[in-house]
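Understanding the architecture of this molecule
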Amino acid sequence: MLKKFETKSARVKGISFHAKRPWVLASLHNGVIQLWDYRMCTLLEKFDEHDGPVRGICFHIQQPLFVSGGDDYKIKVWNYKQRRCLFTLLGHLDYIRTTFFHHEYPWILSASDDQTIRIWNWQSRQCISVLTGHNHYVMCAQFHPTEDLLVSASLDQSVRVWDFSGLRKKSVAPGPAGLTEHLRNPQATDLFGQADAVVKHVLEGHDRGVNWACFHPTLPLIASAADDRQVKLWRMNDSKAWEVDTCRGHYNNVSCVLFHAKHELIISNSEDLYIRVWDMSKRTLLQSFRREHERYWVLTSHPTLNLFAAGHGGGMVLFKLQRERPAYAVHNNMLFYIKNRHLRKLDMLTNRDAPVMHLSKGGGRQQPYSMSLNHAEWCVLVTWRNGENCSYELYAAPRDHSGAVPEGTEPARGQATTAIWAARNRFAALEKNNQLVIRNLKNEVSKKISTPTCEEIMYAGTGMLLLREADSVQLLDVQQKRTIASVKVSKCRYAIWNTDMSIVALLGKHTVTLCTKKLEQLCCITEGARVKSGAFDDSTPQPVFIYTTANHIKYCCKDGDYGIIRTLDVPVYAVRVLSTETGARVVCLDRECRPKVLNIDPTEYRFKLALVTRQYDQVLHMVRTAKLVGQSIIAYLQEKGYPEVALHFVKDSRTRLSLALQCGNIEVALEAAKSLDEPAAWDQLAKAALTTGNHQIVEMCYQRTKNFDKLSFLYLVTGNLEKLRKMMKIAEIRKDTSAQFQGALLLGDVGERIRLLRNSGQLSLAYLTAINHKQVEEAEQLKAALEAAGMPVPEANPDAVFLRPPLPIQRNQPNWPLLAVSKSFFEVAGQARAAAEGSGSAVAAALDEPLEAAGAWGDDDVLPDHKEEGEEEIMEDACEDGGWDVGDEDLELPEELAPVSADMGAAEDSEQYFVAPTRGASAPLAARLRTAHDHVATGQFEAAMRLLNEQVGIVNFAPYESVFAEMFAHARVTFGALPSLPALTAYLHRNWKEATGKDLLPVITLKLSDLVSQLQQSYQLTTAGRFPEAIERLQGVAQRVPLLLVDSKAELSEAQQLLAVCRDYLVGLAMETARKAMPKNTVDEQKRTCEMAAYFTHCKLQPVHQILTLRTALNMFFKLKNYRTAASFARRLLELGPRPEVAQQARKILQACEKTPTDEHQLLYDEHNPFSICGISYKPIYRGKPEEKCSLCAASFMPEHKGKLCPVCGVAEIGKDALGLRICPLQFNR
């Protein structure tokens, strides 16, 4: 008897197993019904509505129902999902003994002490039949598994078999078979009807009251248990029933009896404290299991599993009669297992199964406990355990696999707890006296080893054994007879080795311990369910142990990582893991010794192993292709320090923000903060961005949270005086005098400070401020005010100095290069993949970025949410400063088409501060320099300007002053050597690893990615309608392109493409700005503005900007009544897929234009003839006409403008003969 689960409670009077879930119901004598999960050994629920003992209990085979019957005469039907009683059936007049569901019909069968049996319909909630005939308490009534029969047992010493086919015909609609029979014989109608249920057989033979009776699942047999201490076996047919035999052996009343569904066994329990197992064919007692103090009252079996439950006076016990683990052994890809006393082999690659040999019947009815295979000598050791009797058999298997064993050949036998192979021609047997005996192939003793504390032996390689003790496992060297290693593992049951015998998994009842071959513990995992078996997956960089529990297949790695792979309906025993690149299969045996192959997904443990072994290319491949989801994988990545990988699996904005901040990915954190838009998120982002020197993001965060003090300080340290002055105005609007005074102090605005002090009533301080800063007129006025107020006039300090803040050397500087955050392998690979999938360049990726038209100022300026009366708006409308002006406000269109407003941008006047750097020492690497970048980085500005003039024709170097100074500053590092000495300066080199001396080259101080980032900012300014700022930013990008230094032809192509994009935008934006400034009084002036709007639509802009240009031209031409050209613009606009409201407006205009497809005015515009636009006159230069180009940006101009300064880029000469852009070392190798 193998106990699987035991409970302690009041006396258990009824038990029922769930057909599919690992649940068991126990009804108690105190009126409580308990629902247990016997796999997890937990109490799930209690149901307490009966008044008095509950004797009958039964699960429905399909519905989420169970029925109970108690001493309160009530039958209750429960829904365990809703955890409540659905209804109560009343009708019995005494205690209810048993309740059972029919396996097919909606019926409940109940037996009661009122001497009746009732059949209820639980759907209609009515009693449909009352069976009378017993003249004493009816102790039990059960349905037949397949036929229209039921059996009842009563204290009137009889067992009755009832036929209820009449009730079925009357109550249940005929099925296909019944309908066919009725059509064949329509005359066979019972005129007088048929009784609901009739007694078919009365079985009399017991001398006292019968407590239980049951049908055999398949045979026409009945077993009954009675107070005469006997178990009787009855056989029946259609006409009669008779007693077959009696099983005697109980010493008290027999409470319950049942048939074993899979073996010829009868199981009974009694008030004599015994559970007894009988041989059904021989009617002899096989086994007895005694409980010390508690009497047994009920017994039941699982509908499908080899599991039994017995209720006694102190609770319930679940048990098996025999072990169900199959005996098997694995060699290479061959699985050897024993089934039905046959040794079989399975080729796990081809799934070919074949018998090897037949085993003798030495083990009786028992299954073999284990087997051990000697593949070298082709011998098999089979171990049998039958209670206290333990033995082994040594078989020599046929080498030709014919399955035939020579006649008269008997296996060698011996008494031992376990027998396993220890060498090619030796096996070890552990005898009952805890002595380890080494025997040869002839079963002769060759060596004895004393192991006084050993409980079990397990294989550990040639000449080695694992000895299991109570709380440890020892590694024994058989030759030397000594223990060479030990590990503390409590009650180890099995040892499983990987292929190369480097790792062993020691399985306990609820534990998995991985150790090295020297028993050094690697990890230990505790499971809630029972651990059944396992096998290693050796295809991974590190072996992974795949093991099965009662309800899962799981994995365990060497470092202790573990997880669930899939769930199991029934326990299986894994024997081998077969892996491929795309998946894995687990070959296993079930409890019926049937081989099965289960597909598993190894992605999760392969992903974790790839991270542990730093195989990042595989990690990246799995991130892109595999479906890894769930909180567990995200928590694992965070725990192991890979938040950038976890970002690939997270959609929640709050989690993405946390992960992005962990890995320093400010861009992703910004997206998450925008979607959250919470002060706490902006504060976290600002703190992280400040540590990496990204002060532009910090500025945005402070603006969103309206943190004015921090914002003012940020503008101070970044040298952004315009915005600092704006903050002072905002402080004035907020009436924050202190912040306003601080802003004036930081700006060095003496007049503003004097005004503030005067307005605040601080006349003395205002006078001192004026007199110390030589503001004579203000001082005189304040002195007169002091004297008029009768206040003393303070004396000026002769030693006072001006309080003026230093001017910033570099204004509006880009993000600080204070902290370089190294990108991980995953981020770099992700960007590379994105570039590869796009057009191949960062510029093209920027062009594909979707933009939406924003407000006139966007998020760049901070204004309070509300203003008081009298406050004036400090921001100007974008239209006044030349933003987008589509011009559709006065179109005469239907009212349902609302005009689309576009916010306009404005520019800020900027002053340039420049301090020339001190002349640096000549660098020894001057002779090796070829590009303008390297000359600027080493301080050779004159040589750089000469190169720029020769290569791209630059003649105006004024805009390059700050750029040269910035690049030169970035190429050097200043550090303090000794406290008493001035700081030292050193050059930074980009090839310091492989070069020395004159071969050293300066570090790259201007990168293509920085210019691409500025281009994207220009796109945003253009979308917001801030054309002057966008032009300034685009000119800066174009002017810096000749100062780049790139390594490859691809990057050179990107730089040239970047220059072309800047040219198209500069020409278009400048032309649009000029158009909006032109007068529109006469028809000719209106025609000229329409022509320029039409030219703007032919600039190569982004789709979002192209839509805006087309809308502008469409509306202007429609107003001018040039309908044919307007229709062309409408078609081009619709092809770009604008917003629905814009598209609707364009279609209406197109419909109106198509009615009169004519142009009222002749314009200088031919859309079908390709042309370029002159950058000065803004007139078309059609293909084939003479033109001059800028030597830097390649903008087109009329021939008369040759020699002038290009207004597009602002630095190069038009028509100058130049060498071309030289920014790549490969260009000098030709």
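Residues numbered from 1 in each chain as written. Predicted model: local features only at pLDDT ≥ 70, side-chain atom pairs only at ≥ 80, totals over all residues. Heavy atoms only, no water.

Per an unreviewed UniProt entry, the protein carries the name Coatomer subunit alpha and comes from Bombyx mori.

1. Details of the overall build of the protein
Scanning the protein from terminus to terminus reveals 28 helices and 61 strands. The buried share of the protein, reckoned over its 1230 residues, is 51%. Once local pairs closer than 6 in sequence are excluded, the contacts in the protein between residues at least 24 apart make up 50%. Carbon and sulfur atoms form 49% of the exposed surface of the protein, whose accessible area is close to 59,200 Å². (Helix = DSSP H or I, 4+ residues; strand = E, 2+ residues; numbered from the N terminus. Buried < 20%, exposed > 50% of the residue type's maximum accessible area, 1.4 Å probe, protein only. Contact = heavy atoms within 4.5 Å. Areas by Shrake-Rupley, 256 points an atom, 1.4 Å probe, with all protein chains shown as cover.)

2. A word on the environment of proline 543
By secondary structure assignment, the location of proline 543 is in the loop between strand S49 (531-537) and strand S50 (544-549). The spatial distance from the C-alpha of proline 543 to the C-alpha of threonine 499 is 9.2 Å, given a sequence separation of 44 residues. For proline 543, the contacting residues outside a window of four places in its chain are Asn498, Ile503, Phe536, Asp537, Asp538 and Lys558.

3. Focus: the pattern of salt bridges
Under the counting rule described, the total for this entry stands at 42 salt bridges. Two residues, arginine 283 and aspartate 245, come together in a salt bridge whose shortest N-O distance is 3.1 Å. Residue arginine 283 is located in the loop between strand S24 (274-279) and strand S25 (284-290), and its partner aspartate 245 is located in strand S21 (residues 241-248); the two are separated by 38 residues in the primary sequence. Of the residues examined, arginine 283 reaches a relative accessible area of 26% and is grouped as partly exposed. Connected through salt bridges with shared partners, the residues Lys3, Glu6 and Arg291 form a single ionic network. (Salt bridge = Lys/Arg side-chain N within 4 Å of Asp/Glu carboxyl O.)

4. Brief notes about the packing of helix H27 (residues 1123-1135) against helix H28 (residues 1140-1155)
In contact at an axis separation of 9 Å, H27 and H28 are set at 150 degrees when each is read in the N-to-C sense. Taken as axis vectors, H27 and H28 run roughly antiparallel relative to one another. Between H27 and H28 lies a crossing of left-handed hand. Contact residues: H27 offers Tyr1123, Ala1126, Ala1127, Ala1130, Arg1131, Leu1133 and Leu1134, while H28 offers Val1142, Ala1143, Ala1146, Arg1147, Leu1150, Cys1153 and Glu1154. Taken together, the residues of the contact of H27 with H28 break down into 11 nonpolar, no polar and 3 charged. (Axes fitted to C-alpha atoms, helices over the stretch in contact; angles between N-to-C directions. Parallel < 35°, antiparallel > 145°, perpendicular 65-115°, else oblique. Left-handed = near helix turned anticlockwise from the far one by under 90°. Nonpolar A, V, L, I, M, F, W, Y, C, P; charged D, E, K, R; others polar.)

5. With respect to the environment of leucine 768
Structurally, the position occupied by leucine 768 is in helix H15 (residues 763-772). In this structure the C-alpha to C-alpha distance between leucine 768 and leucine 782, which are 14 residues apart in sequence, comes to 9.4 Å. Look past the residues within four positions of leucine 768 in its chain and what remains in contact with it is Pro794, Glu795 and Ala796.

6. Looking at the side chain of aspartate 537
Position of aspartate 537 relative to the elements: it lies in strand S49. Look at aspartate 537: it is buried, it has no salt bridge, and the nearest opposite charge is arginine 606 at 4.8 Å. Beyond its immediate sequence surroundings of up to four residues, aspartate 537 is in contact with Gln542, Pro543, Val544, Ile546, Val577, Ser579 and Tyr605. (Lys, Arg positive; Asp, Glu negative; His and termini not counted.)

7. Quick look at the packing of aromatic side chains
Enumeration over the complete set of coordinates arrives at 32 aromatic pairs. Judged by centre distance (6.1 Å) and plane angle (70 degrees), the ring pair of phenylalanine 59 and phenylalanine 66 falls under edge-to-face. Phenylalanine 59 gets classed as buried once you look at its relative accessible area, which sits at 6%. Summarising the aromatic geometry, the rings of phenylalanine 941 and phenylalanine 968 are spaced 6.0 Å apart at their centres and angled 85 degrees between planes, so their arrangement reads as edge-to-face. Within this pair, whereas phenylalanine 941 is found in helix H20 (residues 941-952), its partner phenylalanine 968 is found in helix H21 (residues 960-970), the two being separated by 27 residues in sequence. Relative accessible area serves as the criterion here: at 22%, phenylalanine 941 is assigned to the partly exposed category. Overall, the relative accessible area of 4% leaves phenylalanine 968 in the buried class. Among the aromatic residues, ring-to-ring pairing joins Trp23, Phe47, Phe59, Phe66, Trp78 and Tyr80 into one connected group. One Lys or Arg, arginine 276, reaches over the ring of tyrosine 251 and ends 5.2 Å from the middle of that ring. Directly above the ring of tyrosine 369 sits arginine 323, whose terminal nitrogen or CZ lies 3.9 Å from the centroid. (Phe/Tyr/Trp six-rings, centres within 6.5 Å; stacked < 30°, edge-to-face > 60°. Lys NZ or Arg CZ within 6 Å of the ring centre and 35° of its normal.)

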